Amino acid sequence: GQDNVGIDKLASSCYFDKKDRLKLMARIGSEKGFLFDEEYLMYKYEEYMDTSTIALGRKGRELLAAIDKNLVGLLPKELEKMTTVRPIAPEAIEDVTLHFNAETQRKFDELRLLTSNGHYNEVLLRLREKGLKGGLNILLSGTPGTGKTEMVRQLSRVNGSTLVYVDLANIKGRYAGESESGVKQIFKEYAELKKRETHTPILLLNEADGLLSRRHNCTDDNFAITHMLNAMQNILLQEMEDFDGILVATTNRPNGFDEAFERRFLYKFEIPQPNIQVRAKIWTHHFTSLSKSEYNELAKVEMSGADIANVARVSLLRQILFGTEMTYAEVSNICAEVKSEENRKQIGFNSSAA
């Protein structure tokens, strides 16, 4: 029933032996095999979330659509209608260790309390006592790779709340008229899910920059697109005003928000890039074969947590391919690749980095 499956989870389900799991992960990472070649499956790696998943390819989606009519009636009616949101059960979210400095950890703990079911109900009661409507709207900001999305995932997991994921790019990519109705549908589907949940779900508007940005004047050159975006924003503003639930929006550029959206968020949290002490902890978490001095040396390079995790992923795959532990020099070379914007999307197994 899922759109995709995590590579680690799939490998753990298929093999008990660690070496067999690593071999499977390496084979999937190479995207080789009949199912990949014929587009039944596709491999997806999202570097900022540091997640690797297998998803249905073009032929896989066509095959599922062909047999889907046989599945009608097996799913709850409310789930059959879901077209704009993707609910993720808290128990399906992998437990990931997050490393922060003391102040960021304090604010994360504060956020965990705010989104817990009991405390959220208290917040809702105090809002009503003050004559205010709406729910708890939260804004998480920070540069790419600081862990905004993973933070929301872990909040859902620890609080036992369903995570309601929205693909805003898909909503914006629809035809004129459909995009506007798509925004309304997000909140309608969330409300339907909320009715059957014991804990209030968390609605995640991931990478919401485009939809929450400042509204623009329509000109002859961009009238249709700008008119559509303005209409979507007006609908979103109204929906957020009346929203009864927990909404978390993430952004890389909070300064570009429309002022009207700024007022809709009760709680704002900017996640900084990790400092040298936090980076050392992240390096230690991902690597076990290096010395303390080597961890400290690597930590001097300014990198996000997602960048370090990406280095660890590439190192693991090379270790599988060549059967040797990665040296400090090799890890440093991979760091240089990740730091290079020009080569970032081409990172892989080119011999120049080994």
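Residues numbered from 1 in each chain as written. Predicted model: local features only at pLDDT ≥ 70, side-chain atom pairs only at ≥ 80, totals over all residues. Heavy atoms only, no water.

Caption draft 1: The arrangement of the pattern of salt bridges in detail. Overall, the coordinates contain 12 salt bridges when judged by the stated rule. E197 is paired through a salt bridge with R196; the nearest N and O atoms lie 3.9 Å apart. With relative accessibility at 38%, the residue R196 sits in the partly exposed group. When salt bridges that share partners are traced, they join E103, R106 and E110 into one network. (Salt bridge = Lys/Arg side-chain N within 4 Å of Asp/Glu carboxyl O. Buried < 20%, exposed > 50% of the residue type's maximum accessible area, 1.4 Å probe, protein only.)

Caption draft 2: View of helix α16 (residues 305-322). Over its 18 residues, α16 extends 26 Å from the first C-alpha to the last, a length consistent with the 26 Å expected when each residue adds 1.5 Å. Residues of α16 that are buried include every one of G305, A306, D307, I308, A309, N310, V311, A312, V314, S315, L317 and R318, and no others. Where α16 terminates, the next one or two residues include G323, which has phi positive at roughly 70 degrees. (Helix = DSSP H or I, 4+ residues; strand = E, 2+ residues; numbered from the N terminus. Expected span 1.5 Å × (residues − 1).)

Caption draft 3: Inspection of the packing of α16 against helix α17 (residues 328-339) at higher detail. One way to put it is that α16 packs onto α17 with a least axis distance of 10 Å and a crossing angle of 130 degrees. As far as their axial angle goes, α17 and α16 are oblique. Seen from above, α16 lies across α17 with right-handed handedness. Contacts between α16 and α17 involve D307, N310, V311, V314, S315 and R318 from the former and V331, I334, C335, E337 and V338 from the latter. Across the contact of α16 with α17, the residue classes tally to 6 nonpolar, 2 polar and 3 charged. (Axes fitted to C-alpha atoms, helices over the stretch in contact; angles between N-to-C directions. Parallel < 35°, antiparallel > 145°, perpendicular 65-115°, else oblique. Left-handed = near helix turned anticlockwise from the far one by under 90°. Contact = heavy atoms within 4.5 Å. Nonpolar A, V, L, I, M, F, W, Y, C, P; charged D, E, K, R; others polar.)

Caption draft 4: Summary view of the environment of K188. The topology assignment puts K188 in helix α10 (residues 178-196). Since its relative accessible area comes to 49%, K188 is described here as partly exposed. Separated by 103 residues in sequence, K188 and V85 place their C-alpha atoms 9.9 Å apart.

Caption draft 5: Molecular detail of α10. Between its terminal C-alpha atoms α10 stretches 27 Å, which fits the 27 Å expected from 19 residues at 1.5 Å a residue. All of the buried residues along α10 are S179, E180, G182, V183, I186, F187, E189, Y190 and L193.

Caption draft 6: Structural detail: the nonpolar core. In this structure, F187, L203, L236, L247 and F265 are the most contacted members of the largest nonpolar core, which totals 29 residues. Top contributing element to this core by residue count: helix α12 (residues 223-242), with 6 residues. With 25 residues, the next largest nonpolar core counts I93, F108, I202 and F269 among its residues. (Core = buried A, V, L, I, M, F, W, Y, C linked by side-chain atoms within 4.5 Å.)

Caption draft 7: Representation of the sheet that holds strand β6 (residues 163-166). The mixed open sheet is built from 6 strands, whose spatial order is β4-β6-β7-β8-β5-β9. The open sheet is flanked by β4 (85-88) and β9 (267-270), the only strands paired with a single partner. Averaged over all pairs of adjacent strands, the angle between their axes in this sheet comes to 20 degrees, without regard to strand direction. Direction of pairing for β4 relative to β6: antiparallel, over a ladder of 4 bridges. Opposite P87, over in β6, you have V164 as the bridge partner. Lying on the sheet, helix α6 (residues 102-114) is in contact with β5 (136-141) and β9; it crosses β9 at an angle near 150 degrees. (Pairing = 2+ DSSP bridges.)

Caption draft 8: Representation of the environment of F261. Looking at the secondary structure, you find F261 in helix α13 (residues 259-262). Given the relative accessible area of 0%, F261 is considered buried. The sequence separation of F261 and L212 amounts to 49 residues, and the corresponding C-alpha distance is 6.6 Å. The contact partners of F261, leaving out residues within four places of it in the chain, are L211, L212, Q233, L236, L237 and M240.

Caption draft 9: Spotlight on the packing of helix α14 (residues 276-286) against α16. α16 packs onto α14 with a crossing angle of 25 degrees between their chain directions and a minimal axis gap of 10 Å. With respect to α16, the axis of α14 lies roughly parallel. Crossing angle aside, the handedness with which α14 passes α16 is right-handed. Seen from α14, the contacting residues are R279, I282, W283 and H286; seen from α16, they are G305, I308, A309, V311 and A312. A breakdown of the residues in the contact of α14 with α16 according to their chemical character gives 6 nonpolar, 2 polar and 1 charged.

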